Amino acid sequence: DPTDVKHYAHKMNADARFSLIRTLEEQRIDPYPESIFTSCYYKLVPDAIEKLEISKQSVGTYDPSMIAPRNLRPCLVIQRREIPASPSRKEERLYTVHVLNRPTLDAEQRIPRGHQHFVVVPRSAIIFSEKTYTSDQHLVNA
């Protein structure tokens, strides 16, 4: 069963059955294990910060250079869109995500309280993560 709690995040990330990320709406019917959440590689850029200061909602722009551990943050998958293949590119899935803060983010990367920041990212920018203290990595000899 792909939603068995024995499917730790690292296993889910490598499992083809999880290549399609469920939206929040889909997760109401078919949730991931309680210990698992989605994370996205995303870094706030100066223009996004300015938009956040002006409006309660903003839309950011994703760049592949954002894939780095320091840019990993929780995200909620709002929408999935299939982009059909063309002669110049292969089929692709794009996801609209609501980007959230993680506790250890630098102050300049934090989305202000009460603001919502959305961005469209490819599947490669989304991974499964484990909630704190739900994996066995904190155990002695783990």
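The structure this text deals with has already been given above.
Residues numbered from 1 in each chain as written. Predicted model: local features only at pLDDT ≥ 70, side-chain atom pairs only at ≥ 80, totals over all residues. Heavy atoms only, no water.

**Q** What exactly am I supposed to notice about the overall build of the protein here?
**A** Along the backbone of the protein there are three helices and six strands. Secondary structure of the protein in N-to-C order comes out as α-α-β-α-β-β-β-β-β. Scored against the burial criterion, the 142 residues of the protein give a buried share of 38%. Once local pairs closer than 6 in sequence are excluded, the contacts in the protein between residues at least 24 apart make up 69%. With the model as given, the accessible surface of the protein reaches about 9100 Å², and the carbon-plus-sulfur share is 54%. (Helix = DSSP H or I, 4+ residues; strand = E, 2+ residues; numbered from the N terminus. Buried < 20%, exposed > 50% of the residue type's maximum accessible area, 1.4 Å probe, protein only. Contact = heavy atoms within 4.5 Å. Areas by Shrake-Rupley, 256 points an atom, 1.4 Å probe, with all protein chains shown as cover.)

**Q** Whenever I open this one, the pairing of strand E4 (residues 92-99) confuses me. Can you help?
**A** Every other side chain in a regular strand lies on the same face of the sheet, so the side chains alternate between the two faces. Within E4, six of the eight residues are buried, which leaves the element mostly enclosed by the surrounding structure. As judged from the six bridges shared by E4 and strand E5 (residues 116-122), these two strands associate in the antiparallel manner. Bridged to Thr96 within E5 is Val120. (Pairing = 2+ DSSP bridges.)

**Q** For this particular structure, what's the right way to read the environment of Ser58?
**A** Examined against the element boundaries, Ser58 turns out to sit in strand E2 (residues 57-60). In the structure, Ser58 is positioned ten residues away from Ala48 in sequence and 7.1 Å away in space, judged by C-alpha atoms. A polar side-chain atom of Ser58 sits 2.6 Å from a polar atom in the side chain of His117. (Polar contact = N/O pair within 3.5 Å; in protein donor to acceptor, adjacent residues only side chain to side chain.)

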